[in-house]
Amino acid sequence: MSLLEFEKVNKYFGETHVLKDVDLNVEEGEVCVIIGPSGSGKSTLLRCANRLEEIQGGEIRLDGQSISDPDADINRLRQRIGMVFQSFNLFPHKTALENVTLAPTKVKGKDASSAKQEAKTLLDRVGLSAQSSSYPNQLSGGQQQRVAIARALAMNPRVMLFDEVTSALDPELVGEVLDVMHSLAEEGMTMLVVTHEMGFAREVGDRIVLMADGRVVEDSPPEVFFENPKTDRGKQFLSKLL
Ligand code: ADP
Ligand code: MG
């Protein structure tokens, strides 16, 4: 059994069939990188894993338990799946520290002082111990995104989903966010990462999953994908990068 399993997942928006029989297994501790053209269904796949979207066919499981079952406990489930988006969505009137402590105290009922202690450790881990009392508008985009990562980690998730988390950042701020993700990977976090950062994909990814038109069209280790892709779609995608 894999930690996160997508089995024959089908998703429609009205008449539009956006995920077509998607099979994907993410092993514990693995970094699975999803790439592919715009509109291929990458965000939708992550959103289905967090039940931000419902699926119309197939099943998604975490630790063997169905996520997609209508009776699944969504709140409990979301605590075990951290998600970070392109837009940071921090609470603007709360400090970095408060942004990180909010969910553990409100959702998990953790006491304020231990939540604060853990939040400090997490902010330190993302390199922001000096910014714990800053408000989002006092932080750079890269710093805000690192707070967003710390906030997701505060729920102690089993898996982290990242959807183009560096796409909205000025180029000089991309590296600091990728570095945090790189160290998370080294610490053994299971990660499903949608990104256009091919350097990161190659270096940190254990697997490269190429999506096109709602399907997984190639699933290869990075050295295979970037040196000698198995499929024509993979070759085509690579040739456009060069
Ligand atoms: P990607 O993240 O790979 O760019 P998306 O998952 O965002 O792709 O989108 C996949 C397809 O689903 C696209 O055709 C997009 O227009 C469509 N889509 C995404 N979200 C919605 C929505 N809320 N309603 C209708 N169509 C949507
Ligand atoms: Mg997307």
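It should be emphasised that the depicted structure is a prediction, and the values quoted were computed from it without experimental measurement.

Asks: How should the UniProt feature "domain: ABC transporter" (unreviewed entry) in the protein be read in this particular structure?
Replies: The sites that carry the UniProt feature "domain: ABC transporter" (unreviewed entry) are, in the present numbering, residues 4-238. Counted over residues 4-238, helix gives 38% and strand 26%. Its end C-alpha atoms are 27 Å apart.

Asks: I'm lost on the confidence of the model for the protein in this one. Help?
Replies: Regions with low pLDDT should not have their predicted coordinates read in detail. For the protein, the mean per-residue pLDDT works out to 96, and 100% of the residues sit at or above 70. Among the scores for the predicted complex, ipTM is 0.98 and pTM is 0.96.

Asks: Looking at this model, I keep getting lost on the environment of S132. Mind explaining?
Replies: Along the polypeptide, S132 turns up in the loop between α4 (112-125) and α5 (141-153). Once the C-alpha coordinates of S132 and S183 are considered, the two residues, 51 residues apart in sequence, prove to be 20 Å apart. Leaving out residues up to four positions away in the same chain, S132 has contacts with T95, A96, L97 and L123.

Asks: In this structure, what is going on with the pairing of strand β8 (residues 190-194)? I would like to understand it.
Replies: Consecutive side chains of a regular strand alternate in pointing toward one face of the sheet and then the other. Counting buried positions over the 5 residues of β8 gives 5, a clear majority of the element. Summarising the sheet, strand β3 (residues 31-35) and β8 pair through 4 bridges and their orientation is parallel. Note on β8: the bridge partner recorded for V31 is M191. Sheet topology note: the strand β7 (residues 159-163)/β8 ladder contains 5 bridges and is parallel. Residue pairing for β8: M160 is matched across the bridge by M191. Following the backbone out of β7, through helix α6 (residues 171-186) and into the adjacent parallel β8, one traces a crossover that is right-handed.

Asks: Mind showing me how you'd approach the sheet that holds strand β5 (residues 65-66) here?
Replies: Sheets are built from strands that pair by backbone hydrogen bonding, the pairs being arranged parallel or antiparallel. With respect to topology, 4 strands assemble into an open sheet ordered β2-β1-β4-β5, the strand pairing being antiparallel. Where the open sheet ends on each side, the last strands, each with one partner, are β2 (16-26) and β5. As defined by bridge partners, strand β1 (residues 4-13) adjoins strand β4 (residues 57-62) across 5 bridges and the pair is classed as antiparallel. Paired with N10 across the strands is G57, a residue of β4. Contacts from helix α1 (residues 42-49) reach β1, β2 and β4, with the element oriented near 65° to β2.

Asks: I tried to follow the site of ligand 1 on my own but got confused; where do I start?
Replies: Around ligand 1 sit F13, V18, P37, S38, G39, S40, G41, K42, S43 and T44, and that is every residue in its neighbourhood. A distance of 3.2 Å separates an oxygen atom of ligand 1 from a polar backbone atom of S40. The contact in question runs from an oxygen atom of ligand 1 to an N or O atom on the side chain of K42, over 2.7 Å. Against a free-state accessible area of 560 Å², the protein chains account for coverage of 57% of ligand 1. Of the residues forming the shell around ligand 1, the biggest block, 3 residues, is contributed by α1. Taken together, the residues that form the shell around ligand 1 break down as 3 nonpolar, 6 polar and 1 charged.

Asks: How do you make sense of the sheet that holds β8 when you look at a structure like this?
Replies: Taken together, 6 strands build an open sheet; the order of strands is β6-β7-β8-β3-β9-β10 and the sheet is mixed. The open sheet terminates on both sides in strands that have one partner only, identified here as β6 (81-84) and β10 (215-220). Each adjacent strand pair in this sheet contributes to an overall mean axis angle of 20°, direction not counted. On the sheet, α6 packs against β3, β7 and β8 and is oriented at approximately 145° with respect to β8.

The rules we used
- Residues numbered from 1 in each chain as written.
- Chains lettered and ligands numbered in written order.
- Predicted model: local features only at pLDDT ≥ 70, side-chain atom pairs only at ≥ 80, totals over all residues.
- Heavy atoms only, no water.
- UniProt positions renumbered as here; feature names shortened; annotations may be inferred.
- Helix = DSSP H or I, 4+ residues; strand = E, 2+ residues; numbered from the N terminus.
- pLDDT = per-residue confidence, 0-100.
- Contact = heavy atoms within 4.5 Å.
- Buried < 20%, exposed > 50% of the residue type's maximum accessible area, 1.4 Å probe, protein only.
- Pairing = 2+ DSSP bridges.
- Right-handed = clockwise from strand over helix to strand, strands pointing away.
- Axes fitted to C-alpha atoms, helices over the stretch in contact; angles between N-to-C directions.
- Near = heavy atom within 4 Å.
- Polar contact = N/O pair within 3.5 Å; in protein donor to acceptor, adjacent residues only side chain to side chain.
- Areas by Shrake-Rupley, 256 points an atom, 1.4 Å probe, with all protein chains shown as cover.
- Nonpolar A, V, L, I, M, F, W, Y, C, P; charged D, E, K, R; others polar.

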